[in-house]
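# Breakdown of the fold
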Amino acid sequence: MRAVGGRNMGERAPEIKLDTRALGLAMPMYIFLDSKDVIQAMGPTVMKVVGGPSALGHRLTDCFYVGQSGCTTKTTATMQLAATRRIHLTPRGWPQIGLRGCAITTEDQGILLNLTFGVHLSEAIRIFELTQADFASSDMAMELLYLQEAKTAVLNEFGALNQRLDDARRSALDAAHTDTLTGLSNRRAFDLALEQSLSETRHGGAAFALAHLDLDHFKAVNDTLGHAAGDQVLAHVAQILRDETRGRDVVCRVGGDEFVLLLHEAMDLNRLEAMGQRIIARLERPLDIAGQSCRISGSIGISVSQHYAALSGAVMMADADAALYQAKREGRARCRFATGDLAHEDVNEPNREVQGATLVSRVSGGF
Amino acid sequence: MHGLINTAIQSFIRHNYGTPVWAQVCARLEMPTSGFEAMLKYDDAVTERLIGATSITLARPRTLLLEDIGAFIAMTHPLRRLLRFGGASYHEFLLSLDELPARARMCLPDIGVPELSCATMPDGSLRLRVVGDVVGWGAFMCGLVRAVADDYGALAVIDYLGSGQENGAACELVQILLLDQAFSEGMQFDLAQEADRPSSPSPLMACGLTTDAGGRGQKYG
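All of these numbers come straight from a predicted model, not from anything done at the bench. (Residues numbered from 1 in each chain as written. Chains lettered and ligands numbered in written order. Predicted model: local features only at pLDDT ≥ 70, side-chain atom pairs only at ≥ 80, totals over all residues. Heavy atoms only, no water.)

## Comments concerning the overall build of chain A
A tally of helices and strands in chain A yields 11 helices and 15 strands. Residue burial in chain A is summarised as follows: out of 367 residues, 44% are buried. A separation threshold of at least 6 residues defines the contact pool for chain A, and within that pool the share at least 24 residues apart is 55%. Element-wise, carbon and sulfur atoms account for 53% of the exposed surface of chain A, whose accessible area totals about 19100 Å². (Helix = DSSP H or I, 4+ residues; strand = E, 2+ residues; numbered from the N terminus. Buried < 20%, exposed > 50% of the residue type's maximum accessible area, 1.4 Å probe, protein only. Contact = heavy atoms within 4.5 Å. Areas by Shrake-Rupley, 256 points an atom, 1.4 Å probe, with all protein chains shown as cover.)

## Here we look at a nonpolar patch on the surface
Residues and elements named next belong to chain B. Together, L155, V157, L177, L179 and F183 give the surface a local cluster of nonpolar side chains, amounting to about 420 Å² of exposed area. Of all the elements in the fold, those that place two or more residues in the nonpolar patch are β3 (155-166) and β4 (169-180). For F183, the position within the fold is in the segment after β4. (Patch = residues over 30% accessible without salt bridge, like charges linked within 9 Å, V, L, I, M, F, W, Y side chains within 5 Å. Salt bridge = Lys/Arg side-chain N within 4 Å of Asp/Glu carboxyl O.)

## Notes on the packing of aromatic side chains
Residues and elements named next belong to chain B. Under the defined criterion, the tally for this structure stands at 11 aromatic pairs over all chains. Both rings, one in F12 and one in Y17, keep their centres 5.8 Å apart while their planes meet at 70 degrees; by these two values the pair is edge-to-face. Using a relative accessible area of 0% as the deciding quantity, one classes F12 as buried. Between the aromatic rings of Y90 and Y152, the centroid separation amounts to 5.9 Å while the plane-to-plane angle is 50 degrees, which identifies the pairing as tilted. Residue Y90 is located in helix α6 (residues 90-95), and its partner Y152 is located in helix α8 (residues 137-152); the two are separated by 62 residues in the primary sequence. (Phe/Tyr/Trp six-rings, centres within 6.5 Å; stacked < 30°, edge-to-face > 60°.)

## Description of helix α7 (residues 100-107) of chain B
Of all the positions in α7(B), only B:L100, B:P101, B:R103 and B:A104 are classed as buried. All buried residues of α7(B) fall inside an arc of 160 degrees around its axis, so they share one side. Its buried side turned inward, α7(B) meets α6 (141-177) of chain A together with α5 (79-84), β1 (115-120) and α8 of chain B. (Arc of directions from axis to C-beta.)

## Re the interface of chain A and chain B
Between chain A and chain B, the contact holds 21 residues from the first and 28 residues from the second. In total, chain A and chain B occlude about 2200 Å² of area from one another, counting both sides; carbon and sulfur atoms represent 68% of this. At the junction of chain A with chain B, the criterion picks out 3 salt bridges. Note that A:E143 is salt-bridged to B:R103, the shortest N-O span being 3.3 Å. Contributing elements (two or more residues each) for the side of chain A that touches chain B: α5 (121-128) and α6 of chain A. Among the elements that make up the side of chain A that touches chain B, the one with the highest residue count is α6(A) (15 residues). Here the residues of the side of chain A that touches chain B sort into 13 nonpolar, 3 polar and 5 charged. (Buried area = accessible area lost by both parts, 1.4 Å probe. Nonpolar A, V, L, I, M, F, W, Y, C, P; charged D, E, K, R; others polar.)

In structure tokens form, the structure reads like this:
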């Protein structure tokens, strides 16, 4: 075989004589074809790919599909190889392995192919049970395998770290957003949820309601039965509120015995009223604590986002608060609505009352 | 120091001596037992204090402790496999040690490991020079190459020759007398990872608890 050196044109290149054993050591993945595409010699690693020395004497296309997978050619390998120096072979029986390499025409019209597994290295090693000895020392195969495993290890480690950080972030967030006594959201979480709802509604999302609940007669429980009993009552109230709201709703304890509910898509005033009545009815059921019967109730003020032309969380909160005190003034244990800054036929009741700048109306009962 | 180094020491203590001993080390360092994160960076002084506290807690001299740690780390997953990519035989592996720091930097550019060079001496023995920021890497490498010899099934006498200063860096020497390359069968090493083995849920050395060395020679007094 002739090796072409970097000499001037016309000058005869020096010849390097190699037997096939030496060639196999230098290029364990070489195939030497004669002019009729018949395999005359091959390196020891290619030998493992084609299943042994029995492939010698067979045509290249008996052992490989020539060309990129999916566009194999029926023309002879030689014609294909003559057209391009960069070649692609797929071993018959192993469609998942692609061998890439170069083809060099030798002086005696033969073709020398030198191949590599390229990106299919790991799979080829598994399938053909290859070892380090199957690769030339100059081959980057070991570095590729090394990097692949090292990269996987580093990515796993980063993945685990991210998971731990995310868990820590979540629990810190939960701790920051939860009222420890009742497990309800705290004011901080509520403010975030309200901001989110305001933003969604301003951008065409569904309307929402704010319900402000203040317990009636709670102070008496605290004073007569002690704080521990009071805490039990609060936990009980929290459970009622969780029961009567839906998963997406946010229930928050904002003060000692004050709660705020952020109710999503709660547009039907009648249903809101019914929900308020259900909550009050359940609050009024006597609760047995340490052999003592506790009786409390609650008053609720509600503001609804659809009643506002200019949506403001602060105004809605203030209006719900005003509606709550309206309910308290009217004798407690009832639910009142704020009318907002729009006139609404459906909530405009004849007995509408004006309280300061805030309109408070009562939804007609009977539902 | 890279967090990997600290977590390696951490898993060495927890695996070989148990969680109570790790808790003692942490108490000495006044730090929580949750320990280190492999992918974060720590001040060099932290590692030095960790080694010091471990040495006192285990009543084991610093050099011997670092040899133990090197031997332990070499057999943890996936480092054992990464080391075996160095060569088909133990002799090849030793000669490839020169490239080990560059290999380490290929995947973690800021790993901060010492420079290594392995030369054949006139008497046929090999001499590994370890040049790092601090004295200690030499003892660590001594333990590491000893464990890898077992893994290849080679019989070698490996001695830590000591340390000196060289241009402001710590230079340490390890002598390797390779007696028999094929002394025992050694541990199986396939280039391909077993397909059915799930990638280790306890990645890198942070959890050397799942070493695939079968627990050989991992107990230290």
